[in-house]
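What the coordinates show
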Amino acid sequence: EFIQPLTFAALTGQKVITGMFGGHSSDEVLASSVEHIRVAQENRLLIVAPATADLLAKFAGGLAGDFLSTLYLAFEESPKQILRNMRSAGIELQLYTKNKLLLIHSERPTFFGLEMHLLQMTKLVDQFKPHVVVVDPITNLISAGLQADVKSMLTHFVDFLKAKQVTSLFTSLTLSGDSPASL
């Protein structure tokens, strides 16, 4: 292996966790499992780049064989477009929408101001009570407000989701060759 955990530890100054459970004794296993929970609670944002359609579908399914209830907040395409595009990639989501395990809500970013988007997003979470929320893409919200305001709105939404113990995934659009947006 070219890069070892020690490399990441030296670069970040943080302990590197490489597995779910640390050691072989029951005390080591308990300590590492508690540490995993602590790490998950401390992090405010998970960035996955590049995110493939397959990865997004697995994430929405809770990375498991069963599908958790998922709220997909789309700021780019309509629900029909999303279902069609995923189907063309071999991922059938219509069964999940029919069984009310997946709710796709689509809204043009310019249709409302950021405050109304935040209000609507929180109302949808309260009504649908999802295990997972996908916001795709956050970069389109720039057309609804200033970048600082978008960051503030998303921070409020992340805090809201964390308080509800909802897993979230945020995507960002970039042009080929560009660096990711600084949202």
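See the structure printed just above.
What counts and what doesn't
- Residues numbered from 1 in each chain as written.
- Predicted model: local features only at pLDDT ≥ 70, side-chain atom pairs only at ≥ 80, totals over all residues.
- Heavy atoms only, no water.
- Helix = DSSP H or I, 4+ residues; strand = E, 2+ residues; numbered from the N terminus.
- Buried < 20%, exposed > 50% of the residue type's maximum accessible area, 1.4 Å probe, protein only.
- Contact = heavy atoms within 4.5 Å.
- Areas by Shrake-Rupley, 256 points an atom, 1.4 Å probe, with all protein chains shown as cover.
- 1 Å grid on protein atoms, 1.4 Å probe; cavity = no way out; pocket = protein on both sides within 12 Å on 5 of 7 lines; lining within 4 Å.
- Points joined across faces, edges and corners; volume = space filled by probe spheres on them.
- Nonpolar A, V, L, I, M, F, W, Y, C, P; charged D, E, K, R; others polar.
- Axes fitted to C-alpha atoms, helices over the stretch in contact; angles between N-to-C directions.
- Parallel < 35°, antiparallel > 145°, perpendicular 65-115°, else oblique.
- Left-handed = near helix turned anticlockwise from the far one by under 90°.
- Polar contact = N/O pair within 3.5 Å; in protein donor to acceptor, adjacent residues only side chain to side chain.
- Core = buried A, V, L, I, M, F, W, Y, C linked by side-chain atoms within 4.5 Å.
- Pairing = 2+ DSSP bridges.

Considering the overall build of the chain
Helix and strand counts for the chain come out as 7 helices and 4 strands. Reading the helices (α) and strands (β) of the chain from amino to carboxyl end gives α-α-α-β-α-α-β-α-β-α-β. Looking at the chain as a whole, 30% of its 183 residues are labelled buried. For the chain, restricting intrachain contacts to residue pairs at least 6 apart in sequence, the fraction spanning at least 24 positions comes to 70%. Summing over all exposed atoms, the chain offers an accessible surface of approximately 11900 Å²; the carbon and sulfur share of this is 58%.

Some words on empty space enclosed by the protein
In the structure shown here, the tally under the stated rule is 1 cavity of 30 Å³ or more. There is about 50 Å³ of room inside the largest cavity. In terms of lining, the largest cavity is formed by Leu73, Ala74, Phe75, His105, Glu107, His117, Gln120, Met121 and Leu124. Elements represented by at least two residues in the lining of the largest cavity include exactly β1 (70–74) and α6 (114–128). Broken down by class, the residue content of the lining of the largest cavity amounts to 5 nonpolar, 3 polar and 1 charged.

Observations concerning the packing of α6 against helix α7 (residues 147–163)
Across the interface, α6 lies against α7 with an axial gap of 10 Å and an inter-helix angle of 15 degrees. Here α6 lies roughly parallel to α7, going by the angle between them. Crossing geometry of α6 relative to α7 is assigned as right-handed. Taken together, the residues of α7 that come into contact with α6 (itself represented by Leu114, His117, Leu118, Met121, Thr122, Val125 and Asp126) are Asp149, Val150, Met153, His156, Phe157, Phe160 and Leu161.

Observations regarding the side chain of Asp136
Residue position: Asp136 is located in strand β3 (residues 132–136). Within the local environment of Asp136, its side chain forms a polar contact with the side chain of Thr171, the two groups lying 2.3 Å apart.

Considerations on the nonpolar core
Ranked by internal contacts, the top residues of the largest apolar core, which has 20 residues, are Leu73, Val133, Val135, Phe157, Leu161 and Phe170. At the level of secondary structure, the elements contributing two or more residues to this core comprise β1, α6, β3 and α7. It is α7 that contributes the most residues to this core, 7 residues altogether. Ignoring any residue separated from it by four or fewer positions in sequence, one finds Val133 in contact with Leu71, Leu73, Val125, Phe157, Leu161, Val166, Thr167, Ser168 and Leu169. Core analysis: the next-biggest nonpolar cluster, separate from the first, contains 12 residues, Ala74, Ile82, Leu102 and Val134 among them.

Looking at the sheet that holds β3
The parallel open sheet is built from 4 strands, whose spatial order is β2-β1-β3-β4. Because the sheet does not close on itself, it has two edges, and the strands there are β2 (102–106) and β4 (167–170). In this sheet, neighbouring strand axes are inclined to one another by 15 degrees on average, regardless of whether the strands run parallel or antiparallel. Taken together, the 5 bridges between β1 and β2 define a ladder with parallel strand orientation.

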